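Chains, contacts and geometry: an overview
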Amino acid sequence: MGPHPAVAAIRLAVRRVLHDILTEHGSTTGHDSATDHGGALVHGGAPVRRGATEGGGDTGPTAPLPHEAAHHGLPAAAGPAPHERPVPLVLVACSGGADSMALASALAFEAPKLGVRAGGVTVDHGLQPGSDLRAAEVALRLRGLGLDPVESIAVSVGRDGGPEAAARDARYAALDAAAERHGAAAVLLGHTRDDQAETVLLGLARGSGIRSLSGMAEVSGAGGRYRRPFLRIDRQTARRACMVQSLPVWDDPHNADPAYTRSRLRHEGLPALEKALGKGVVEALARTAQLSRDDADALDAWARQAEAGVRDASGLLECAKLYALPPAVRRRILRRAAIEAGAPAGSLFARHIEELDRLITGWRGQGAINLPGKVVAQRQGGRLVIRQG
C-alpha cells in the first residue's frame with residue numbers, strides 16, 4: 001500500500017523540483033536508486049507515476065521499473081561515475097508551520113533517493129515572545145527529519161514598507177546569506193496555491209499591472225535560487241500530509257491577526273468571494289497568475305528587444321520612437337530606465353510610470369518629475385533624460 005494521497009502529492013512535487021535542480025546543475029551522483037524508509041528498493045532516478053494529483057488524488061505514486069527510466073528521459077540506476085560532480089545541497093526554509101513542515105518532510109524523504117544533500121533554515125524574526133525558543137525547536141525537528149546542515153538565524157526586522165514587507169525583506173536576506181554560506185544550489189519555499197491566490201488579489205487591489213497579477217514564480221531569485229514546489233498544491237493537502245505523518249506544526253498567530261492585510265484577506269476576503277462566486281475561486285486565481293506571468297514575460301522580452309532601437313548614439317531615450325511603441329512595451333522600457341538610474345524597484349509604483357509616460361504621450365512643456373531614490377526625469381530636446389538629481 002502506498003503513502004496517503006496528501007503525502008504522495010507533496011513528495012511528487014518535491015521530486016519534480018529536485019529533478020530540475022539536478023538537470024540544471026548537470027549532477028550525476030550515482031545514487032539513482034535507494035532504499036526507502038520501509039526497506040523496499042525505490043528507483044529514485046525516474047519520476048513517480050502520476051496516480052496522485054498535485055492536489056491530493058486517490059492513489060499514491062508508483063515507482064517506475066528500471067526499463068521505464070529511459071522512457072522518461074532520465075538515467076537508470078547505475079554505480080558512481082568515475083568523475084562525479086559535487087553533490088548539490090538543497091535547503092528548505094521552514095517556519096514550523098504546516099506548509100513548510102510538509103515541505104521539509106518531503107525533501108528529507110526524496111533527497112537521499114536522488115543523491116541530493118538536504119538541509120534546513122529557520123528564521124527567527126524576533127517579533128513575538130519566545131520566538132528564539134520556537135526557532136530552536138523547529139531546528140531540532142528538522143534535524144530529526146535527517147536534514148543536515150540545519151541553521152536557526154535571528155534577524156532584526158526594520159520598518160520600511162510596513163511590518164509584513166520588512167519581515168519578508170529580513171527573511172530573504174537571511175536565506176540568501178545562508179545559501180551563500182553553505183553553497184546551496186537552491187532554497188525551497190512552502191508557498192501553496194492558496195498563498196498564490198492571496199498574492200494575486202493583493203496585486204489586483206494595488207492596481208499595479210499584470211506583473212502583480214502574475215503572483216509568485218515557481219523559480220525566482222538570483223540564479224533561480226528559490227523554488228516553490230507547492231504552488232499547485234492547496235494548503236489543506238499540506239496540512240493533511242503533516243497530520244498523517246504525525247508531524248507537529250506551529251500556527252503563527254500573526255496569520256490570524258486582522259491587523260495584517262494578508263490575514264484579513266485569508267480569513268475574510270477569500271471566504272466571502274467563495275460564498276458569492278462558489279468554490280473554485282482559489283484555483284481560478286492561481287490559473288490567472290500563471291496566464292498573467294506568461295503574458296508579462298512575453299511583454300518584458302519584447303521591451304528588452306525594443307529598447308536598443310529607441311536610444312540614440314549617446315544612450316538617451318528618444319521620445320518620438322518611444323511614442324510609436326505600444327503602451328505596455330513603452331512603460332516597461334521607462335520602468336527599466338528609472339531602475340537603472342537608481343530608483344528602487346520596490347518603491348517605483350504605477351503612478352510614477354504614468355507620470356513618466358506623460359512626458360512622452362502628453363507633453364505640454366511640464367517640468368522635471370521626481371522619482372524614488374532621488375531620481376529625476378525630464379524631457380530635453382526630444383530626449384528623455386533620467387538621472388539621479
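All values derive from a computational prediction rather than experimental measurement. (Residues numbered from 1 in each chain as written. Predicted model: local features only at pLDDT ≥ 70, side-chain atom pairs only at ≥ 80, totals over all residues. Heavy atoms only, no water.)

Some thoughts on the packing of aromatic side chains
The relative placement of two aromatic rings is captured by the distance of their centres and the angle of their planes. Filter applied, for reference: Aromatic pairing here means that ring centres of Phe, Tyr or Trp (its six-membered ring) are within 6.5 Å. Orientation follows from the plane angle: under 30 degrees is stacked, over 60 is edge-to-face, and everything else is tilted. What counts as a helix is a DSSP run of H or I of at least four residues, what counts as a strand is a run of E of at least two, and both are numbered from the N terminus. Categorising residues by exposure relies on relative accessible area from a 1.4 Å probe, with only protein chains included: less than 20% of the type maximum marks a residue as buried, more than 50% marks it as exposed, and the intermediate range marks it as partly exposed. Only when the NZ atom of a Lys or the CZ atom of an Arg is both within 6 Å of the ring centre and within 35 degrees of the ring normal do we say a charge sits over the ring.
Under the definition given, this model contains one aromatic pair. Both rings, one in Y172 and one in Y226, keep their centres 5.1 Å apart while their planes meet at 90°; by these two values the pair is edge-to-face. In this pair, Y172 is assigned in helix α5 (residues 163-182) and Y226 in strand β8 (residues 226-227), connecting sequence segments 54 residues apart. When its relative accessible area of 3% is taken as the criterion, Y226 is described as buried. The residue whose ring lies beneath R11 is F109, and the NZ or CZ to ring-centre distance is 3.6 Å.

Regarding the side chain of R332
Take R332: it is sitting in helix α12 (residues 327-340). Residue classification places R332 among the buried residues on the basis of a relative accessible area of 17%.

As for the nonpolar core
So the rule is basically this: For our purposes a nonpolar core is just a set of buried Ala, Val, Leu, Ile, Met, Phe, Trp, Tyr and Cys residues, chained together by side-chain atoms within 4.5 Å. We call two residues in contact whenever any of their non-hydrogen atoms come within 4.5 Å of each other.
By size, the foremost hydrophobic cluster in this structure holds 38 residues, and its most contacted members are V14, L18, L107, L147 and F230. When residues of this core are traced back to their parent elements, those giving at least two are α1 (5-24), β3 (89-93), α3 (98-114), α4 (131-144), β6 (186-188) and α8 (235-244). When residues in this core are grouped by element, the largest group, 10 residues, is from α3. Sequence-distant contacts of L147, defined by excluding residues within four places in its chain, comprise V92, A104, A108, A118, G119, G120 and L142.

Side note on the sheet that holds β8
Applied cut-off: DSSP bridges decide pairing: two strands pair if at least two such bridges lie between them. With axes taken as lines fitted to C-alpha atoms, and helix axes fitted only over the stretch in contact, angles between N-to-C directions fall between 0 and 180 degrees.
With mixed pairing, six strands are arranged side by side in an open sheet as β5-β4-β3-β6-β8-β7. Of all strands in the sheet, those bounded by a partner on one side alone are β5 (150-154) and β7 (219-220). Looking at chain direction, strand β4 (residues 117-124) and β5 are connected through five bridges and run parallel. Residue pairing in the sheet places G120 in a bridge with V150 of β5. Sheet strands in contact with α4 are β4 and β5, and its direction is about 170° off that of β4. The sheet contacts of α5 involve β3, β4, β5, β6 and β8, and relative to β5 the element is tilted by about 140°.

A short note on the packing of helix α9 (residues 261-277) against helix α10 (residues 281-307)
Definition in use: Angle categories are assigned with fixed cut-offs, so that under 35 degrees is roughly parallel, over 145 is roughly antiparallel, 65 to 115 is roughly perpendicular, and the rest are oblique.
Between α9 and α10, the least distance of the axes is 9 Å, while the angle of their chain directions is 105°. Compared by their axis directions, α9 and α10 come out roughly perpendicular. Seen from α9, the contacting residues are L270, L273, E274 and L277; seen from α10, they are V281, V282 and L285.

Some remarks on unusual backbone geometry
Of the consecutive residues D148 and P149, the connecting peptide bond is found in the cis state with omega at 10°. Residue placement: P149 occurs in the loop between α4 and β5. One non-glycine residue, S246, adopts positive backbone phi at about 55°. Within the secondary structure, S246 sits in the loop between α8 and α9. Look at S246 and you get exposed, because its relative accessible area is 63%. Its identity is not glycine, yet K374 carries a phi of approximately 60°, on the positive side. Turning to its location among the elements, K374 is positioned in the loop between β10 (369-371) and β11 (375-380). With relative accessibility at 70%, the residue K374 sits in the exposed group.

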